[in-house]
Structures are given as C-alpha cells and as structure tokens.
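# Close look at the chain arrangement
Each chain is listed here by its residues.
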Amino acid sequence: MTHLHTPLPRLTPALLLAAVGLAALCGCRPAPPIKVGFIGGLSGRVSELAIDGRNGAQLAVETLNEQPGPRYELRVHDDALAAVSPAAIVDALADEGDAFAIGPMTSVQAKAMAPEADKRRLVLISPTANSDELSGMDDWFFRVIPPAGPGAMQIADAAVGRGQLTASVMAEWDNRVYSESFTETFATRFRSQGGAVANVVHYESDQHPDYAKIAGELLASHPRVVLLVCGAVDAAIVAQQLRRLDPDVQIAMASWAANVQLLQMGGRAIEGALVLQALDLDSPEPAYVAFRKRYVERYGSPPSQAAVFSYDATMLGAEGLRRRSDGRTLRDALRAPGSWPGLQRTIVLDHFGDSVSRFRLSEVRQGRFVMVGS
C-alpha cells in the first residue's frame, strides 16, 4: 500500500514573522479584571451611607488599578430595591464571580445576607454594619468598623460623668438589628450607674416621620440627655426640633450620625452634641490626608466615615487576595493572625473577622468634631 504524505508548507520569512506576532499577541492578552461587589441602599430615603460607601470603594478600585498587578472592577448592587431579596443579591454576586463584596452597609441587611454568603462561600466585608448581633460568628462576614456595644457604653459613661442621670432615646427602626442592640446596651449600662431611661421612641425613616412630634415625645419626661440612634440627616433635623423646645438638653448620637452631612445640616442645633467616632475626620495621617484631598476633588465634599471604611474594606480584600497561599481561601487569609493597613490606623481583626478597635467620643464645637475621649 502506498502512503501519500501532504508536504508541509514552507515557512517563508513573512509567514514566520506573522506566526511569531500572533503568538505574542495571544500571550500578552490581559487577564480579566478581579470583580469586587458593592452592596448598599442607594435608592432608599436614607442613602447617604451607601453613596459615601460606594464612592470610597470606587476610589480604592481606582487606586489598585494604578498599581502594578491585576486590575479590579467594582460591580454595584442596590439592596434597597423592594423586589430584590438578600439571597438574590448574594447569588448575583457569586454567580458573576466576584472575589469578595463590600457591604452591606446596614446591620439589618448584614444579618440577612451573612447566612446566604456562608452558603455561597462569598466573603462580605462591611464598612459600617456593626451591631453586636453580628459579633463572634464563625461565618464569611467581616467588618472594619468597631462593634457597637462598647460605644453605647461610652456614651452612657459620659452622660453619668456629667451628672446627666435621666435619658430618652430615639431609635430608627428600619435598621432595628443595630438600633435595638445599641439602645439596650446603652440603657443597661446607664441604669447600672444610677441612670433612668424614661422613654424610647421608635420610628421608621421611610414612613415620613413627624420630627416635631418625635421631639416632643422625647422631651415629655424632661430628660437631661437625649440619645439619637439614627443617620446624619434625621439626627440633624431632630436636633433642631429638640433645641427649639429645650435649648439646654444634652444631645448624644451614635456613630451612625457621625457624617459630614450632620455638620452641614445641623448648624447651631448640634453644637455641644456628643457623637461617637470610629475615625478622626481631621486626622493628619498622610495616607488619609491624600485620600481626603482626592475625595474632595472627585465628589465635592469631605469623606465620611462610611467612605473611609469602605476604602479600607476594599483594600483589605485586595491585600487578602495577595496574601493567600497553599490553596487557602480569602476567608482563611483574613482570619489568620496579623494586621492590615488602613488610611488612619492599622486594622486588626479577631478570629471571627470583627475589628478589635474602639470608638472615641467627640463633641461638636464650632461646626467640627473635636475628640474629647479615648
């Protein structure tokens, strides 16, 4: 039998050059970007927290893309949409191949999404969800903000130290997972030192609350201190109503309100208010100063704590990806002993992914947050 062989084409110099060029082109094709999800209530009435968080995450992604190494892409999901369930959001993030997600921004959403993230083995890193109900859980949920409980105790201690032994509390109930825990911790500490909590007023931001009526209810028992557990906009509006009815009442606020919008909207009504701070928005730390300048140039206003922590959370996730070795997951890397760089201070997480840092107490003086405690 005769075997016929088809002769191979002779590689001319032109064909050889084309082949080399094609191989080089295929070999230099850029790797697809690493996808990072963001979860926040961007369409809700109280959306400043999520908007600032998204802005901080976006600047972090842009910073990462300016450095050597892989490129990153931020993919935003609005958890305030009524038709979208927590499970659907986590599924969408996992299905699109996100390496990790920043958020949720509120404790109520974090509590709902954390079990779903466990099922999909998706790391969530929240900038601001810090209810004690989320602490000490062996899950895939991490956070860079301190837990809320010690902060609630700090406010109680400060009020007692000033001789203010009667209190009322206004608690935003849409984010009940946070507000209820914070209120109970404050009340327990306050009462243990001889204080009395006369009234707790619940309200929901999306239900068009009557702020004048709420202020009247808070002051009905003539408290020496009124604690506001809510966002910056609501706190500023209620503070104005409180000052109109009782110019001398001490106003205190949870860290949820520690936002630039509070200073912009509160005016003279919030002078002297005690406000919990997880960060110093006037910090001289070089990394923070550079970030603040960039943020103002980009968005036209100073960054809030949500923006700073969202930037830190994004950089934490990226650094965790770099530290993985020997087949470890990102979760393994983040749970390992060690520290992580932040814009203002080193971030240290415990084995459960909770920040070990603490709040500081500030007082509003001449339109600025001035630190008064450690």
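Everything below is about the structure printed above this text.
Quick look at the structure, then. (Residues numbered from 1 in each chain as written. Predicted model: local features only at pLDDT ≥ 70, side-chain atom pairs only at ≥ 80, totals over all residues. Heavy atoms only, no water.)

### Section: the sheet that holds strand E1 (residues 34-40)
The strand order E2-E1-E3-E4-E5 describes an open sheet built from 5 strands, whose pairing is parallel. Two strands lie at the open edges of the sheet, namely strand E2 (72-78) and strand E5 (141-143), each paired on one side alone. Neighbour-to-neighbour, the strand axes of the sheet open up by a mean angle of 25°, direction not taken into account. Bridge count for E1 against strand E3 (residues 100-102) is 3 bridges, and the pairing is parallel. (Pairing = 2+ DSSP bridges. Helix = DSSP H or I, 4+ residues; strand = E, 2+ residues; numbered from the N terminus. Axes fitted to C-alpha atoms, helices over the stretch in contact; angles between N-to-C directions.)

### Re unusual backbone geometry
The step from Gly103 to Pro104 runs through a cis peptide bond, and the omega angle for that step is -5°. Structurally, Pro104 is set in the loop between E3 and helix H4 (107-120). Not every positive phi belongs to a glycine, and His208 is a case in point at roughly 50°. Among the structural elements, His208 can be located in the loop between strand E7 (196-203) and helix H7 (211-219). The phi torsion at His222 lies on the positive side, around 55°, for a residue other than glycine. Among the structural elements, His222 can be located in the loop between H7 and strand E8 (225-229). His222 sits in the exposed class, given a relative accessible area of 67%. (Buried < 20%, exposed > 50% of the residue type's maximum accessible area, 1.4 Å probe, protein only.)

### Some words on helix H11 (residues 305-323)
Relative to the 27 Å expected for 19 residues at 1.5 Å per residue, H11 spans 26 Å between its end C-alpha atoms, a close match to the ideal helical length. Across the 19 residues that make up H11, a large majority, 16, are buried. (Expected span 1.5 Å × (residues − 1).)

### Description of the sheet that holds strand E10 (residues 274-277)
Spatial strand order, E7-E6-E8-E9-E10-E13-E14: 7 strands in an open sheet with mixed pairing. Edge positions in the sheet fall to E7 and strand E14 (368-371), since each of these pairs with one other strand and no more. Strand-to-strand, the axes of this sheet are offset by a mean angle of 25°, without reference to chain direction. Two elements, E8 and strand E9 (residues 250-253), share 4 bridges in a ladder whose sense is parallel. Within E9, the position partnered with Leu227 by the bridge is Ala252. Strands E8, E9, E10 and strand E13 (360-365) of the sheet are contacted by helix H5 (residues 148-161), whose axis makes an angle of about 150° with E10. (Contact = heavy atoms within 4.5 Å.)

### Some points on the packing of helix H2 (residues 48-65) against helix H10 (residues 286-299)
Here H2 crosses H10 at 115°, and the two axes come no closer than 11 Å. Considering their axes alone, H2 and H10 lie roughly perpendicular with respect to each other. Crossing of H2 over H10 shows right-handed handedness. For the pair formed by H2 and H10, the contact residues are Asp52, Asn55, Gly56, Gln58, Leu59, Glu62 and Thr63 on the first element and Phe291, Arg294, Tyr295, Arg298 and Tyr299 on the second. Partitioning the contact of H2 with H10 into residue classes produces 4 nonpolar, 4 polar and 4 charged. (Parallel < 35°, antiparallel > 145°, perpendicular 65-115°, else oblique. Left-handed = near helix turned anticlockwise from the far one by under 90°. Nonpolar A, V, L, I, M, F, W, Y, C, P; charged D, E, K, R; others polar.)

### Considerations on the pattern of salt bridges
For the coordinates displayed, the defined rule picks out 20 salt bridges. In this structure, a network of salt bridges that share partners links the residues Glu62, Glu66, Arg294 and Arg298. (Salt bridge = Lys/Arg side-chain N within 4 Å of Asp/Glu carboxyl O.)

### A short note on the pairing of E14
Successive residues of a regular strand alternate their side chains across the two faces of the sheet. Alternating residues of E14 divide into Phe369 and Met371, all buried, and Arg368 and Val370, none buried. Sheet analysis places E13 next to E14, joined by 4 bridges and oriented antiparallel. Looking at E14, one finds that Glu363 is bridged to Val370. Counting the residues that bridge the hairpin from E13 to E14 gives 2 residues, and of these Gln366 lies at a positive phi of roughly 50°.

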